[in-house]
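# Structural characterization, general
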Amino acid sequence: MTTDKKTTAAGAPVVNPEAAKGADTAVDPRLLIREQGFAGYMTEFKRKMRGGDLGSIPVIIGLIVIGVVFQSLNSEFLSAKNISDIAVTMVATGMMAVGIIFVLLLGEIDLSVGSVSGVSGAVVAVLSVTHGMNEWLAVLVAVASGAVIGALHGFFFARIGAPAFAVTLAGLLFWLGLMLQLLGDTGTINLDSEGVVSKLTTYYFTDVAAAYGLAAVAVAAYFLSAFLDGRRREAAGVPSRPVADIVVRTAVLAVFSFAAAYMFNQYRGLPLALVLFLVVLVGTDFVLRRTAYGRKIFALGGSVEASRRAGINVTAIRVSVFSIAGTFAAIGGLFWASKIAAANQGSGTGDLLMNVIAAAVIGGTSLFGGRGRTWNALLGVMVIVSIQYGLSLEGIATPVQYMVTGAVLLATVVIDSVTRKTQKTAGRA
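Residues numbered from 1 in each chain as written. Predicted model: local features only at pLDDT ≥ 70, side-chain atom pairs only at ≥ 80, totals over all residues. Heavy atoms only, no water.

## Digging into the overall build of the protein
Along its length, the protein carries 18 helices and four strands. Looking at the protein as a whole, 43% of its 429 residues are labelled buried. Contacts in the protein between residues far apart in sequence, at least 24 positions, make up 78% of those at least 6 positions apart. (Helix = DSSP H or I, 4+ residues; strand = E, 2+ residues; numbered from the N terminus. Buried < 20%, exposed > 50% of the residue type's maximum accessible area, 1.4 Å probe, protein only. Contact = heavy atoms within 4.5 Å.)

Here it is, written out as structure tokens:
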């Protein structure tokens, strides 16, 4: 009696040939594009659609729709002033979303980031204003306090075994109480309008060369990075993108970068806050995609047990990730304090926590762990703040803004869930 055995390309037997027929064959997109050109782009696009790999496409389409709709309702929406204001306002939430993305990559959640950001602002205000400490030193202490708080949460979660949800929920309440205690009876401490913290959101590079220079540097850095990466892949004998493809991508980036620079220069110049945010995004993206530490985070989000068996120190990674979340929560708190030029009892409260989580998820980070990039924070927070500013220009009440943001978040989560199911059906989960 003979059996009909089928094998994979590597020669291993296929356990379920019938199921394998429906699986979407993974083909390196670089190879498709190199061999087929534009047809390769279309083939890869169709494959992604079948496999549920939507990437950032829904978010980008959403931003375009938001821009078109609100601009048609109010011509001020895409004005230089409004775009600049959106860019500065989104940085505080965006910084905090970067930290949340690290936690979400593990498949966990941190509910304390809002309160931690409030503590950060309170620490800076109390040390620099009430006690006269050097403001730079006060800033360092505030950021360090965020890192320690995050590490403490990570310890209870990773070492003790308490659920991250419960630990950070307790942290939300505890650090909120500490913030109120630090601020005292007055509840508000005003910051020096010419101090370090205040300058975070009020300083602009007024020379037009600054905005255009940053755009040029960003475009050149992207091209060199993609080109050199392609050369390394060619030398290693693996598929790489053709130079023409890299040039097209660089040209698209150049159009958006220089258009943004032009708009900033029409108002007050390049905001310092945006520059710092972009530096953070580039740095954290490098850590996640180009370092062993980043690969361990993704591996842990994929499977804790497999990571443990591979020799990854699960406890250390978890503690460090929560510490990173606390650090960026503290940094975000400094930007919020800068925005209102004070630390008060409302810091870190309200809808801030929900907006931070929503920014990460709307930007494309999966709630189920293992998928996401820190650049998702930029896309997500752009969606949220753009909606808020657009509705405000129309005089729409805050309750409606909450409902619209909630609806967008729900739609994103549904897309994420459907995407995962589609990928499983296509054999790519």
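Still to come is the rest of the account.
## Thoughts on helix α6 (residues 113-130)
The first and last C-alpha atoms of α6 sit 25 Å apart over 18 residues, in line with the 26 Å expected at 1.5 Å per residue. The buried fraction of α6 is high, at 16 of 18 residues. One or two positions beyond α6, positive phi appears at Gly 132, with a value near 70°. (Expected span 1.5 Å × (residues − 1).)

## Let's talk about the packing of helix α4 (residues 57-73) against helix α17 (residues 375-393)
Following both chains from N to C, one finds α4 and α17 inclined at 15°, their axes separated by 10 Å at the closest point. Between α4 and α17, the interaxial angle falls into the category roughly parallel. Like other packed secondary-structure pairs, α4 and α17 cross with a definite hand, here left-handed. Across the interface between the two elements, Val 59, Leu 63, Ile 66 and Phe 70 from α4 touch Leu 379, Met 382, Val 383, Ser 386, Ile 387, Gly 390 and Leu 391 from α17. Of the residues that constitute the contact of α4 with α17, the class distribution is nine nonpolar, two polar and no charged. (Axes fitted to C-alpha atoms, helices over the stretch in contact; angles between N-to-C directions. Parallel < 35°, antiparallel > 145°, perpendicular 65-115°, else oblique. Left-handed = near helix turned anticlockwise from the far one by under 90°. Nonpolar A, V, L, I, M, F, W, Y, C, P; charged D, E, K, R; others polar.)

## Observations concerning the nonpolar core
Soluble globular proteins tend to pack their nonpolar side chains together in the buried interior. Core analysis: the largest hydrophobic core is formed by 92 residues, its most contacted members being Val 98, Ile 297 and Phe 335. With 15 residues, the single largest contributor to this core is helix α5 (residues 80-105). Setting aside residues up to four positions removed in sequence, Phe 335 forms contacts with Val 91, Ala 92, Met 95, Leu 200, Thr 201, Ala 273 and Leu 276. (Core = buried A, V, L, I, M, F, W, Y, C linked by side-chain atoms within 4.5 Å.)

## Re the environment of Phe 77
Here Phe 77 shows up in the loop between α4 and α5. Taking the C-alpha atoms as reference, Phe 77 lies 7.9 Å from Tyr 389; in sequence the two are 312 residues apart. Here Phe 77 is in contact with Ile 66, Gly 67, Phe 70, Gln 71, Asn 82, Ile 83, Ile 86, Ser 386, Gly 390 and Leu 393, once residues within four sequence places are set aside.

## Topic: the packing of helix α7 (residues 135-160) against helix α15 (residues 314-340)
At their nearest, the axes of α7 and α15 sit 6 Å apart, and the two run at 145° to each other. Both α7 and α15 take part in a crossing whose hand is right-handed. Considering only residue class, the contact of α7 with α15 consists of 13 nonpolar, eight polar and two charged.

## Focus on the pattern of salt bridges
For the coordinates displayed, the defined rule picks out nine salt bridges. The closest approach of N and O atoms between Arg 289 and Asp 285, which form a salt bridge, is 3.2 Å. Residue Arg 289 and its partner Asp 285 are located together in helix α12 (residues 272-290), separated by four residues, close to a single helical turn. Residue class for Asp 285 comes out buried when judged on its relative accessible area of 8%. The closest approach of N and O atoms between Arg 373 and Asp 285, which form a salt bridge, is 3.1 Å. Here Arg 373 is found in the loop between α16 (352-362) and α17, whereas its partner Asp 285 is found in helix α12, with 88 residues between them in sequence. (Salt bridge = Lys/Arg side-chain N within 4 Å of Asp/Glu carboxyl O.)

## Considerations on α12
With 19 residues, α12 ought to run about 27 Å at 1.5 Å a step, and its terminal C-alpha atoms sit 27 Å apart, in line with that. Buried within α12 we find Leu 272, Ala 273, Leu 274, Val 275, Phe 277, Val 280, Leu 281, Thr 284, Asp 285 and Leu 288.

## Comments concerning the packing of aromatic side chains
Counted according to the given criterion, the structure contains seven aromatic pairs. Aromatic pair Phe 70 and Phe 77: ring centres 5.4 Å apart, planes at 40°, arrangement tilted. Overall, the relative accessible area of 10% leaves Phe 70 in the buried class. On the basis of an interplanar angle of 75° and a centroid distance of 5.7 Å, the ring pair of Phe 155 and Phe 156 is categorised as edge-to-face. (Phe/Tyr/Trp six-rings, centres within 6.5 Å; stacked < 30°, edge-to-face > 60°.)

## Re the side chain of Ser 84
Structurally, the position occupied by Ser 84 is in helix α5. Exposure remark for Ser 84: the relative accessible area of 0% places this residue in the buried category. With near-sequence residues (within four places) excluded, Ser 84 lies in contact with Tyr 204, Phe 264, Tyr 267 and Pro 271.

## Details of the environment of Thr 188
Assignment of secondary structure puts Thr 188 in strand β1 (residues 188-190). Separated by 158 residues in sequence, Thr 188 and Gly 346 place their C-alpha atoms 9.1 Å apart. Apart from residues lying up to four places away in sequence, Thr 188 is in contact with Ala 342, Ala 343 and Asn 344.

## Re the confidence of the model for the protein
Looking at the protein, the pLDDT average stands at 85 and 84% of residues meet or exceed 70. Contacts for the low-pLDDT stretch residues 1-25, under 50 throughout, to residues beyond four places or in other chains number 20 contacts. (pLDDT = per-residue confidence, 0-100.)

## Here's the deal with unusual backbone geometry
Positive phi values are uncommon outside glycine, yet Ala 341 reaches one of about 55°. For Ala 341, the location among the structural elements is in the loop between α15 and β4 (342-344).

## Details of a nonpolar patch on the surface
Taken together, the side chains of Ile 57, Ile 61, Val 65, Val 69 and Leu 73 present a nonpolar region at the surface, about 410 Å² in accessible area. The residue Leu 73 is located in helix α4 in this model. (Patch = residues over 30% accessible without salt bridge, like charges linked within 9 Å, V, L, I, M, F, W, Y side chains within 5 Å. Areas by Shrake-Rupley, 256 points an atom, 1.4 Å probe, with all protein chains shown as cover.)

## Considerations on the environment of Val 124
Looking at the secondary structure, you find Val 124 in helix α6. In this structure Val 124 comes out as buried when scored by relative accessible area, which is 1%. Along the backbone, Val 124 and Val 139 are 15 residues apart, and their C-alpha atoms lie at a distance of 5.9 Å. Once residues within four sequence positions are removed from consideration, Val 124 is found in contact with Val 129, Ala 138, Val 139, Ala 142, Val 197 and Leu 334.

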